Amino acid sequence: MQTKIGIPASPGIAIARAIILDSEEYAIPQRHVDLENVPAEIDRIERAFDEAVRELAELETQQRKSGKIEIRDLFAVHRQFLQDRILKDKAIDLINTERLTAECAVDRVLGEVHQYFLKTENRYISERAADITDLRRRLIKHLIDFKQASLGALDQEVIVVAKDLRPTQTAVFDPRFVKGIACDAGGKTSHASIVARAMGIPAVMALEDLTGIVQRGTEIIVDGNTGVVIIDPNPEMVAEFSAAAESIATLQQSLETIRHEPAVTRDQIPIVLLANIEFPEEADHVLQVEADGVGLFRTEFLYLRSGTEPTEQVHYESYAGVIQAMQGRPLTIRTMDLGADKFTQSHRFAPETNPFLGLRSIRFSLKHRDMFVAQLRAIFRASVLGPVKIMLPMITTLKELAMAHEILDSTRSDLRAEGIAFASDIPVGIMIETPAAALMAHRLAGRADFFSIGTNDLTQYTLAVDRGNAQVAALFSAAEPAVLKLIKATIDGARVTGIEVGICGEMASEPKYTMLLLGLGLRTLSLTPKMIPDIKKIIRSVTLTECEQLAEAALKADSAEQVLESVTEKARTILPEFFK
Ligand code: PEP
Ligand code: MG
């Protein structure tokens with residue numbers, strides 16, 4: 001038995017046998033074959049391409065059946081790449097001329113194409129580099145007969161163990177069988193974590209060398225609440241965690257009774273509970289937990305799930321679908337937050353030394369005006385179908401906000417000139433994600449209809465801790481008094497003009513912080529839908545007075561540890577069953 005502690009990335013406890021997903025680069029040694037074996041190697045190439053094409057066609061069919069159009073298109077693009085004879089002929093050529101092994105030839109050809117794609121100035125082509133890596137892995141997998149478990153065809157419950165997870169891997173997860181995820185790399189905001197939370201699968205990230213320790217079939221416990229992963233647990237541990245999982249399930253069931261009740265404190269202060277969603281499919285879950293609406297619809301899925309850049313129509317169809325599904329509840333669409341962690345390195349247009357301080361988020365949108373306008377036009381067009389809000393990410397200065405408003409104004413004028421209808425009163429709010437914005441909140445409040453505090457980035461930029469870097473994960477804490485002071489400054493800034501201020505960072509999904517956030521003055525929380533019943537229960541169990549006392553003490557604390565100790569202690573006295 002061995003215990004590892006990583007970053008808790010998606011809540012819940014899972015116990016099952018491991019399945020190892022290899023997402024590492026395959027190291028292919030340069031090997032040659034004798035002349036008489038050349039035909040056999042060519043034959044292997046032909047078979048590997050055929051098998052990969054067949055596999056991709058099957059994946060396309062599966063995705064078509066489940067209605068995931070963007071993913072189906074991605075697989076179709078991969079298949080077309082392989083059916084075009086150029087790649088195959090180049091590999092065969094290398095076998096004939098240099099007598100390379102089939103895997104070595106594929107590795108060389110696809111490696112060269114990958115490099116070429118990465119270097120090209122044409123953004124559409126450079127974005128394809130990640131697809132080439134994916135194809136290379138797929139072909140080599142067939143060539144070296146690597147029996148990678150097919151996650152699309154599972155028939156028993158498993159814990160997926162991987163170094164990291166790629167979009168095409170997570171896209172085919174079947175949540176009936178994938179019970180937990182444990183990765184060497186990643187953080188709370190990595191792609192795998194976002195998908196895990198969206199699917200309600202418990203996950204732990206940043207486990208460093210887990211894939212080196214775990215074998216396929218090893219029993220594993222994944223505790224997505226605490227970040228604990230136990231490999232090959234003894235029967236006592238299995239019993240302990242099974243009991244904990246059962247008590248979580250019982251607690252969840254007990255929360256059913258308050259599903260239709262309002263989120264009000266014991267002293268009758270109403271709190272707005274909104275949901276954060278990553279994919280349109282999650283709209284159902286938002287209704288099921290009876291959220292008041294969506295406070296953060298991350299739109300990056302449109303860029304990350306598909307191999308092609310979304311057109312205005314693709315944007316429109318996604319937004320229209322979710323607006324209609326929301327049945328009158330407001331939908332806050334966050335404009336594209338691309339750059340930094342929202343590109344794999346190979347998706348990058350131009351590699352940056354400090355991507356989180358680089359061309360990301362609103363800066364990216366202001367620079368790529370055409371892409372931004374396509375998205376805004378789609379949001380405006382969809383606004384006639386139901387209540388919509390536009391939220392601009394990572395506004396740092398008044399100047400940036402003015403530039404964004406200029407683009408919004410010109411988009412509205414264009415639509416009017418074209419006679420296209422849209423709602424004239426769409427609120428335009430901003431995310432407060434940098435210390436600069438928090439400190440200037442009183443001024444930004446004059447040009448924004450609402451604020452939403454993005455504590456994931458606010459914490460990263462305040463503490464100078466990369467939110468996705470496992471090595472400094474222990475330093476990343478939204479409970480640091482410096483972060484709390486900036487949250488307070490934002491709330492005070494919003495009061496200057498009386499605009500609404502909410503929070504949509506992960507902090508809002510963590511029960512231990514609920515009292516603190518209310519005490520600091522927040523009345524709107526946007527969080528992962530799965531946690532809405534828990535957070536509502538806490539709200540209904542506390543008074544604002546005790547929350548305010550807690551917040552006052554936290555603002556005077558010296559460290560995150562002190563804050564955490566006091567918030568957990570207080571929470572335990574009020575709801576012991578929640579904070580064991
Ligand atoms: C945040 O930064 O807190 C946030 C909600 O945005 P994202 O996690 O998408 O960067
Ligand atoms: Mg952010």
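See the structure above.
Conventions adopted
Residues numbered from 1 in each chain as written. Chains lettered and ligands numbered in written order. Predicted model: local features only at pLDDT ≥ 70, side-chain atom pairs only at ≥ 80, totals over all residues. Heavy atoms only, no water. Near = heavy atom within 4 Å. Polar contact = N/O pair within 3.5 Å; in protein donor to acceptor, adjacent residues only side chain to side chain. Areas by Shrake-Rupley, 256 points an atom, 1.4 Å probe, with all protein chains shown as cover. Core = buried A, V, L, I, M, F, W, Y, C linked by side-chain atoms within 4.5 Å. Buried < 20%, exposed > 50% of the residue type's maximum accessible area, 1.4 Å probe, protein only. Helix = DSSP H or I, 4+ residues; strand = E, 2+ residues; numbered from the N terminus. Salt bridge = Lys/Arg side-chain N within 4 Å of Asp/Glu carboxyl O. Expected span 1.5 Å × (residues − 1). Contact = heavy atoms within 4.5 Å. Donors = N, O, S within 2.8 Å, 3.2 Å for Na, K, Ca; no water. Phe/Tyr/Trp six-rings, centres within 6.5 Å; stacked < 30°, edge-to-face > 60°. Lys NZ or Arg CZ within 6 Å of the ring centre and 35° of its normal. Axes fitted to C-alpha atoms, helices over the stretch in contact; angles between N-to-C directions. Parallel < 35°, antiparallel > 145°, perpendicular 65-115°, else oblique. Left-handed = near helix turned anticlockwise from the far one by under 90°. Nonpolar A, V, L, I, M, F, W, Y, C, P; charged D, E, K, R; others polar. Pairing = 2+ DSSP bridges.

Caption draft 1: Region of the structure containing the site of ligand 1. Around ligand 1, 14 residues are found, and the nearest of them are Arg 298, Arg 334, Glu 433, Asn 456 and Arg 467. At 2.7 Å from an oxygen atom of ligand 1 is found a side-chain nitrogen or oxygen belonging to Glu 433. With respect to ligand 1, the backbone of Gly 454 contributes an N or O atom lying 3.4 Å from an oxygen atom. Compared with its free state, where it exposes 290 Å², ligand 1 has 99% of that area covered by protein.

Caption draft 2: Geometry of the nonpolar core. Counting 106 residues, the largest nonpolar core has Leu 392, Phe 451, Ile 487, Leu 516 and Leu 525 as its most contacted members. Considering every element that reaches this core, the biggest residue donor is helix H15 (residues 369-382), with eight residues. Core analysis: the next-biggest nonpolar cluster, separate from the first, contains 32 residues, Leu 82, Leu 94, Val 109 and Leu 143 among them.

Caption draft 3: View of the pattern of salt bridges. For the structure on display, the rule yields 32 salt bridges. We note a salt bridge from Glu 55 to Arg 138, for which the minimum N-O separation is 2.6 Å. Of this pair, Glu 55 sits in helix H1 (residues 38-66) while Arg 138 sits in helix H6 (residues 129-143); the two residues are 83 residues apart in sequence, bridging distant segments of the chain. Looking at Glu 55, the relative accessible area reads 22%, which means it is partly exposed. Arg 259 is paired through a salt bridge with Glu 256; the nearest N and O atoms lie 3.1 Å apart. Taking relative accessible area as the criterion, Glu 256 reaches 44% and is therefore assigned partly exposed. Salt bridges sharing partners connect three or more residues here, namely Glu 300, Arg 334, Asp 337, Arg 360, Asp 457 and Arg 467.

Caption draft 4: Local environment of H15. Taking 1.5 Å per residue, 14 residues should reach 20 Å; H15 reaches 20 Å between its end C-alpha atoms and fits that length. In terms of burial, H15 is a largely internal element, 12 of the 14 residues being buried.

Caption draft 5: Geometry of the side chain of Glu 546. By secondary structure assignment, the location of Glu 546 is in helix H23 (residues 544-556). Here the side chain of Glu 546 touches Thr 543 through a polar contact of 2.9 Å, landing on its backbone nitrogen. Those residues in contact with Glu 546 that sit more than four places away from it in its chain are Arg 266, Met 515, Ser 541, Lys 570 and Ile 574.

Caption draft 6: Local environment of the coordination of the magnesium ion (ligand 2). Surrounding the magnesium ion (ligand 2) are the protein donor atoms Glu 433 (OE) and Asp 457 (OD), at 2.0 Å. Taken together, the residues Glu 433 in the loop between strand S13 (428-432) and helix H17 (435-439) and Asp 457 in helix H19 (residues 455-463) connect sequence positions 24 residues apart. Residue classification places Asp 457 among the buried residues on the basis of a relative accessible area of 1%.

Caption draft 7: Structural detail: the packing of aromatic side chains. Applying the stated criterion across every chain yields a total of four aromatic pairs. Three or more aromatic residues joined by ring pairs make a cluster, and in this case those are Phe 81, Tyr 116 and Phe 117. One residue, Arg 381, lies across the ring of Tyr 316, its end atom 4.3 Å from the ring centre. Lys 389 extends its terminal NZ or CZ atom over the ring of Phe 450, reaching a point 5.3 Å from the ring centre.

Caption draft 8: The arrangement of the packing of H1 against H6 in detail. Interhelical geometry of H1 versus H6 gives an angle of 120 degrees and a closest axis separation of 9 Å. Viewed along their axes, H1 and H6 adopt a mutual orientation that is oblique. Relative to H6, the crossing made by H1 is right-handed. Across the interface between the two elements, Arg 44, Ile 45, Ala 48, Phe 49, Glu 51, Ala 52, Glu 55, Leu 56 and Leu 59 from H1 touch Leu 135, Arg 138, Leu 139, Lys 141, His 142 and Leu 143 from H6. A class-by-class count of the residues in the contact of H1 with H6 yields nine nonpolar, one polar and five charged.

Caption draft 9: Highlighting the environment of Tyr 316. Here Tyr 316 lies in helix H13 (residues 312-325). Separated by 48 residues in sequence, Tyr 316 and Gln 268 have C-alpha atoms that sit 39 Å apart. Excluding residues within four positions of it along the chain, Tyr 316 makes contact with Ala 378, Arg 381, Ala 382 and Leu 385.

Caption draft 10: Structural context of the sheet that holds strand S9 (residues 272-277). A barrel is described by the order of its strands in space; here eight strands give the closed sequence S9-S10-S11-S12-S13-S14-S15-S16, paired in parallel fashion. Across the sheet, the mean angle separating the axes of adjacent strands is 25 degrees when strand polarity is ignored. Across three bridges, S9 lies against strand S10 (residues 294-298) in parallel orientation. Directly across from Asn 276, in S10, lies its bridge partner Leu 296.

Caption draft 11: Spotlight on unusual backbone geometry. Positive phi, close to 50 degrees, is recorded for Gln 327, a residue that is not glycine. Structurally, the position occupied by Gln 327 is in the loop between H13 and strand S11 (331-334). Looking at Gln 327, the relative accessible area reads 60%, which means it is exposed. Even without being a glycine, Ala 464 presents a positive backbone phi close to 60 degrees. Inspection of the secondary structure assignment puts Ala 464 in the loop between H19 and helix H20 (481-497).

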